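If you want the building blocks of each chain, they are given just below.
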Amino acid sequence: MSKINYDEVPGCYLHCIKADCKMASHCLRQLAMQNLPGNLTAVTILNPQLTKTGEGCEYYRDDKPQVYGKGFKNMQKKMFPDEYSTFMYRLQGKFGRNPYFERRKGAQLCSPSDIKEIEAALKAINHPELKFDAYVEKLNWND
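K.L.:
Account for helix α5 (residues 112-124), with residues named and values stated.
P.N.:
Relative to the 18 Å expected for 13 residues at 1.5 Å per residue, α5 spans 19 Å between its end C-alpha atoms, a close match to the ideal helical length. Within the span of α5, buried status applies to P112, D114, I115, I118, A121 and L122. Buried residues belonging to α5 abut β1 (66-70), α2 (73-77), α3 (81-95) and α4 (97-105). Backbone geometry just downstream of α5 places N126 in the positive-phi region, at approximately 65°.

Quick look at the structure:
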């Protein structure tokens, strides 16, 4: 992916100024810098002394779209009430009450790390086969 839509870049996203890095053409931080609109007065950049050029940079963000889960209301229909209570309370402990329900109804997408948490909760109640209501591919800016 050589171009990104700068409107998708999260606010206060850390940009990288190391254009000479061999990973720059696939790093979201450098792609954000390359596609910086001229009307922005200021942006947040990574300290160049802390970044490494090439592989091994801890700030590297791959430009490959990743799979996000969208909603999991249908999971409840396939669980017994006690199973659902265990599942729900475990995830509410992780995400919080309102964020749990936002993810459940699909108002907030479940990031790849959220998906791992939900899969672990499903495994804990012996329902690892249950799936999300839908799946979406998009750039993973933060996870």
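Here the narrative resumes, following the displayed structure.
K.L.:
Please set out the nonpolar core residue by residue, giving values where relevant.
P.N.:
Considering soluble globular proteins, one finds that nonpolar side chains tend to be buried as a cluster. F72, M75, M79, F87 and I118 are the most contacted members of the largest nonpolar core, which has 17 residues in total. Looking at this core, the elements with two or more residues in it are α3 and α5. With 5 residues, the single largest contributor to this core is α3. The residues touching M79, leaving out its near neighbours within four places in the chain, are Y84, F87, L122, I125, H127 and L130.

K.L.:
Could you give an account of a nonpolar patch on the surface, naming the residues involved and the relevant values?
P.N.:
Residues I17, L36, L40, V43 and I45 make up a contiguous nonpolar surface patch of roughly 350 Å² in combined accessible area. By the secondary structure assignment, V43 is in the loop between α1 (28-34) and β1. Among the residues examined, V43 registers a relative accessible area of 32% and is labelled partly exposed.

K.L.:
Tell me what's going on with α4, and back it up with residues and numbers.
P.N.:
Inspection of α4 places Y100, R103 and R104 among the buried residues, and these make up the whole buried set. Each buried residue of α4 sits inside an arc of 100° when the element is viewed along its axis, so together they form one side. Structural note: α4 exposes N98 and K105 on the side pointing more than 90 degrees away from its buried face. Within two residues after α4, G106 carries a phi angle of roughly 90°, on the positive side.

K.L.:
So what's going on with the side chain of R61? Residues and values would help.
P.N.:
Here R61 lies in the loop between α1 and β1. Side-chain polar atoms of R61 contact the backbone oxygen of W141, separated by 3.3 Å. The residues touching R61, leaving out its near neighbours within four places in the chain, are Y13, H26, C27, L28, R29, N140, W141, N142 and D143.

K.L.:
Explain the packing of α3 against α5 to me, using residue names and the numbers behind them.
P.N.:
α5 packs onto α3 with a crossing angle of 150° between their chain directions and a minimal axis gap of 9 Å. Considering the angle they form, α3 stands roughly antiparallel to α5. The hand of the α3/α5 crossing is right-handed. Across the interface between the two elements, F87, R90, L91, K94 and F95 from α3 touch D114, E117, I118, A120, A121, L122 and A124 from α5. Its residues assigned to classes, the contact of α3 with α5 shows 8 nonpolar, no polar and 4 charged.

K.L.:
Please provide a residue-by-residue account of the side chain of Q92, values included.
P.N.:
In this fold, Q92 is placed in helix α3. In this structure Q92 comes out as buried when scored by relative accessible area, which is 14%. The residues contacting Q92, other than those within four sequence positions of it, are R97, Y100 and F101.

K.L.:
So what's going on with the state of the cysteines? Residues and values would help.
P.N.:
Taken as a whole and assessed by the stated rule, the structure comprises 0 disulfides. The structure places no disulfide on C57, whose sulfur is separated from the nearest cysteine sulfur, that of C16, by 6.4 Å.

Conventions adopted
Residues numbered from 1 in each chain as written. Predicted model: local features only at pLDDT ≥ 70, side-chain atom pairs only at ≥ 80, totals over all residues. Heavy atoms only, no water. Helix = DSSP H or I, 4+ residues; strand = E, 2+ residues; numbered from the N terminus. Expected span 1.5 Å × (residues − 1). Buried < 20%, exposed > 50% of the residue type's maximum accessible area, 1.4 Å probe, protein only. Contact = heavy atoms within 4.5 Å. Core = buried A, V, L, I, M, F, W, Y, C linked by side-chain atoms within 4.5 Å. Patch = residues over 30% accessible without salt bridge, like charges linked within 9 Å, V, L, I, M, F, W, Y side chains within 5 Å. Areas by Shrake-Rupley, 256 points an atom, 1.4 Å probe, with all protein chains shown as cover. Salt bridge = Lys/Arg side-chain N within 4 Å of Asp/Glu carboxyl O. Arc of directions from axis to C-beta. Polar contact = N/O pair within 3.5 Å; in protein donor to acceptor, adjacent residues only side chain to side chain. Axes fitted to C-alpha atoms, helices over the stretch in contact; angles between N-to-C directions. Parallel < 35°, antiparallel > 145°, perpendicular 65-115°, else oblique. Left-handed = near helix turned anticlockwise from the far one by under 90°. Nonpolar A, V, L, I, M, F, W, Y, C, P; charged D, E, K, R; others polar. Disulfide = S-S within 2.5 Å.

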